[in-house]
Amino acid sequence: MDEHKLRDLIAEVKAGHLSRRGFVQVMVGLGLTAPLAAQMLASAGVAQAQSKLMYKATKRGGGGAVKTLWWQGPTLLNPHFAVGTKDQDGSRIFYEPLASWDPDGNLVANLAAEIPSVQNGGVSKDGKSVTWKLKKGVQWHDGKPFTADDVVFNWEYASDPATASVTIGSYKDIKAQKIDSHTVKVTFEKPTPFWADAFVGVRGMLIPKHLFEAFKGAKSREAPTNLKPVGTGPYRFVDFKPGDMVKGELNPTYHMPNRPYFDTIEMKGGGDAASAARAVIQTGEFDYAWNLQVEDEILKRMEQGGKGKADIVAGGNIEHIQLNNTDPWTEVDGERSSIKTKHPFLLDPAVRQALNLIVDRGAVQEQIYGRTGIATANFLNEPKRFASKATKWELNADKASQILEAAGWKKGSDGIRAKDGKKLKMVYSTSINALRQKTQQVVKQVAAKVGIDMEIKGVTASVYFSSDVGNPDTYTKFYTDIQMYTTTMTQPDPELFMNQFTSWEVASKENKWQGRNITRWKSEEYDKLYRAAETELDPVKRATLFIKMNELVIQNVVVIPVVFRPRVAAIANTMRVEQSGWDSDFWNLHNWYREG
Amino acid sequence: MSKYFLRRILITIPALLGISLVLFTVLAMAPGDPFEELATNPNVPPEVRANLRTQFGLDDPIPVRYVRWVTAMVKGDWGFSFTSRVNVSTLIMQRLPTTLFVLGTAQLLGLLVALPIGVYSAVRPYSIFDQIATTFAFIGFSLPTFCTGLLFILLFSIYLDWLPFIYRADIAATGWRWVWEMARQAIMPITVLGLFQGAATTRFVRSAVLDVIRLDYVNTARSKGLSERMTIVKHVVRNALIPVVTIVALQIPGVFTGAVITEQIFRVPGIGSLLISAILSNDTPVVMSITFVFAALVVLFNLIADLVYGWLDPRISYR
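Residues numbered from 1 in each chain as written. Chains lettered and ligands numbered in written order. Predicted model: local features only at pLDDT ≥ 70, side-chain atom pairs only at ≥ 80, totals over all residues. Heavy atoms only, no water.

**Q** Tell me about the interface of chain B and chain A, and please be specific about residues and values.
**A** Listed per partner, the contact involves 41 residues of chain B and 55 residues of chain A. Approximately 4100 Å² of surface area, both sides summed, lies buried where chain B meets chain A, with 53% of it carried by carbon and sulfur atoms. Between chain B and chain A we count two salt bridges in total. Between A:Lys307 and B:Asp161 there is a salt bridge, and its shortest N-O distance comes to 3.3 Å. Counting across the chain B and chain A interface gives 11 residue pairs in polar contact (both at pLDDT 80 or more). Looking at the side of chain B that touches chain A, the elements with two or more residues in it are α2 (36-40), α3 (46-55), α5 (88-123) and α7 (145-159) of chain B. Sort the elements by how many residues they give to the side of chain B that touches chain A and α3(B) lands first, with six residues. Its residues placed into classes, the side of chain B that touches chain A shows 19 nonpolar, 12 polar and 10 charged. (Contact = heavy atoms within 4.5 Å. Buried area = accessible area lost by both parts, 1.4 Å probe. Salt bridge = Lys/Arg side-chain N within 4 Å of Asp/Glu carboxyl O. Polar contact = N/O pair within 3.5 Å; in protein donor to acceptor, adjacent residues only side chain to side chain. Helix = DSSP H or I, 4+ residues; strand = E, 2+ residues; numbered from the N terminus. Nonpolar A, V, L, I, M, F, W, Y, C, P; charged D, E, K, R; others polar.)

Structural data, given as structure tokens:
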């Protein structure tokens, strides 16, 4: 897909031949994010679409209680310290950003009066600044007015390294400046194509200056408001027990008319995903349950009970297999999988192609994930996909055998292929999780037919995903031949996501395995494209660059994508809720209501 | 007596120090990282994590951290949780009432079931009543709580739809309605735990009473003309209780630290569920405090059990 074709597609949307949603889906299929796709449309002057959820309640309150269930309870309620989504969601009940991401990647204003664009002068032509107009008449829950000072303060607070906020990545390279009481200008050090990061979405929730001012920097932990949030959101704080319960009540001075609908909100934590699904779908004790990593078969059986349903929305998470480019079995300077080594056989393109052909994505989707994992060939799909919409992946053990045979990998007496004395024996690791172990089995079976011997290894998730430098089994060390896990693309912009294949991000002992390039694949061409994308201001050209990068990754079989993993939530039948794969579960909480 | 008491108290100090040292070292050396989620999040620069580690003193050598922990603990400062940044004591106090209520009631229920059944079984051994009681007791303690818990949920919440299976610590209701709601949600976890403990205790009471009931002094009491009831209650049960007291006393610390599995199944926000989530997120200060409090309680209740012996059996004297 080149720039030309991309522009044609945008023109089709503009002319109404292709739906907005269709375009976004295609872009997501190409490995881009919905927000980036929406940005392309906006730059071409295609009007923003209305959110599909229509709010039908005609007055504020009167809706009773809404009870939500998170199988991991939030542990803190300061959005700048929110480590996991559970904490971001808990904070989002009370705090709001300037704007949020809807399911199609459009920006929806919360505390902003309007969404900045080049057309309305909010976004500068050189890409070095963006000006936000703030909504007037917004009050914090304690009655103090919300102004530009608060926005600027959030930048100061989050960008101060001593605060140790987890949002620092979004704020450290920008400057926020007050223009007047309700206008804030954000300037970037260099031209920044994707400006909607600071003050937007889960990392953009705003905390009040008057309550946090004294607790900036090293004293950040001591702020009493960390546990008793005072925000601008639709619900006011009532009670918080870390890990167990967050309670809120209707905010009578909320800045949107007739909202919120519910009188109280409850976010209960703890337990496990399957019983959370049960409490919403089967018994109806609760109205909403988050992040249901449950086998689809179980969900379907529960849905027959009929009090709720599973709601599935696309996001950017991909379960994939990584191939190690370095030798995990030789130690060099105190580390295995050192960038100074070469993998004995995985660098052979024939082996890579063969591996790509033996991953039975169809079986993995049908028998293991169901609706919760959609087979995918690629981080990126072929352009043909636009026409057929069919995913193109191939399971072909015979072809894999032929490729290996042609490349000189001959079957030995033990049925395992070998070449120059090197046997195709590999260790395949992943975290312990029923779905993953089943997937490993599916891959291993076909591999055995082709003459590749796979040893399966499972590592406890808490070890596998830890950053413990002393442990050899973490995924960043990658001390095995191939490994599998889900990368989460929570950022609306793919730039950060794509830096996992750049040569300067290679994980090694030197950077305590904090580099994001786990496969240790290096490509000059990819690096060049990435550098170009960092400063390219035209969204369409930039998207083309990302698509090319994706192509490189797939052509070289750096990784083998297995399934897309959409977000799954359980929602009571009477609840009207809209999920977005690009923002918090509560991004649209002010519009939640009940019908019937 | 007071001398004995003092000596026992003094012995507990090195014991507790030893326990804390072992716990601390094991936890410090265990794999895992409290800031694991930050590591996998590309949006968080590694410096933030490094910064947090220094701020929370995680990069110091283990002996330094241990001494710091002990000195703080002596002053009554239990530290703060890495994940919620709340003081550990606050977290524990938030959870304690629920745990005490659910597990305390379960313990009581267990005793109320076990004592009469155990004694009656022993008085009429191998009768039909004893056979049935024995069968149920065996079933009771052979089935783990996660099994009975799930069976209860399946039956009472899903098929019959009578009881909720998610426990909420603070119910938005007052008066009788509150009592009713509370009873409805607490009945399943309490029954599951109570019957499990009761089953084991029943067997224990039965064998303790059987040991005593054949002794000569019991016959003497009977031949004095005491009623059967008097003999059993005043002479048999009192003596038979000594081993039972040991068991019960050693079970009480568990009331404070919660029942990890049952709390997880019914989402009871007690200390057990706090402990398990702290373990899963490598929140060492919380894990350390809970396990240490548990150790201290075990030591304390051992002492109490020893003191109660003296009251139950005057022949035991303290030197």
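There's more to say after this.
**Q** Which residues make up the sheet that holds strand β1 (residues 65-70) of chain A, and what are the values?
**A** Residue and element names in this part refer to chain A. Taking strand neighbours across the sheet as the criterion, the seven strands line up as β7-β8-β9-β1-β10-β21-β11 in an open arrangement whose pairing is mixed. Both edges of this open sheet fall to β7 (235-241) and β11 (308-313), since each of them pairs with a single strand only. In the sheet, strand β10 (residues 288-289) pairs with strand β21 (residues 567-572) via two bridges, with the strands oriented antiparallel. Within β21, the residue paired with Ala 289 across the bridge is Ala 570. (Pairing = 2+ DSSP bridges.)

**Q** Kindly report on the pairing of strand β5 (residues 174-180) of chain A, identifying the contributing residues and their values.
**A** By the bridge criterion, six bridges tie β5(A) to strand β6 (residues 183-188) of chain A in an arrangement that is antiparallel. Bridge pairing in β6(A) links A:Asp180 to A:Thr183.

**Q** Provide a residue-level description of the confidence of the model for chain A, including the pertinent values.
**A** In low-pLDDT regions, the fine details of the predicted coordinates are not to be read closely. Mean pLDDT over chain A stands at 86; residues scoring 70 or higher make up 95%. Low pLDDT (under 50) marks residues 380-391 of chain A, which in the prediction has 22 contacts with non-local residues, meaning those over four places away or in another chain. (pLDDT = per-residue confidence, 0-100.)

**Q** Report on the packing of aromatic side chains, specifying residues and quantitative values.
**A** Residue and element names in this part refer to chain A. Per the stated rule, a full pass over the model turns up 33 aromatic pairs over all chains. Considering the side-chain rings of Trp 521 and Tyr 526, the 5.7 Å spacing of their centres and the 75° angle between planes classify their relative orientation as edge-to-face. The exposure classification of Trp 521 matches that of Tyr 526, with both residues buried. Clustering of aromatic rings is evident, with ring pairs tying together Trp 70, Trp 71, Tyr 288, Trp 290, Phe 586 and Trp 592. (Phe/Tyr/Trp six-rings, centres within 6.5 Å; stacked < 30°, edge-to-face > 60°. Buried < 20%, exposed > 50% of the residue type's maximum accessible area, 1.4 Å probe, protein only.)

**Q** Outline the packing of helix α1 (residues 2-29) of chain B against helix α4 (residues 62-74) of chain B, supporting the account with residue identities and numerical values.
**A** Residue and element names in this part refer to chain B. Relative orientation of the contacting elements α1 and α4 amounts to 135°, with a least axis distance of 11 Å. The orientation of α1 with respect to α4, classified from their angle, is oblique. By crossing handedness, the relation of α1 to α4 is classed as right-handed. Contacts from Leu 17, Ser 20, Leu 21, Phe 24, Ala 28 and Met 29 of α1 reach α4 at Ile 62, Arg 65, Tyr 66, Trp 69 and Val 70. Split by residue class, the contact of α1 with α4 holds nine nonpolar, one polar and one charged. (Axes fitted to C-alpha atoms, helices over the stretch in contact; angles between N-to-C directions. Parallel < 35°, antiparallel > 145°, perpendicular 65-115°, else oblique. Left-handed = near helix turned anticlockwise from the far one by under 90°.)

**Q** Before we move on, can you summarise the side chain of B:Ser81 with the specific residues and values?
**A** Residue and element names in this part refer to chain B. Tracing the sequence through the fold places Ser 81 in the loop between α4 and α5. A relative accessible area of 1% places Ser 81 in the buried class. Within polar-contact distance, the side chain of Ser 81 engages the side chain of Asp 283 at 2.5 Å. For Ser 81, the contacting residues outside a window of four places in its chain are Val 86, Val 88, Leu 91, Asp 283 and Val 286.

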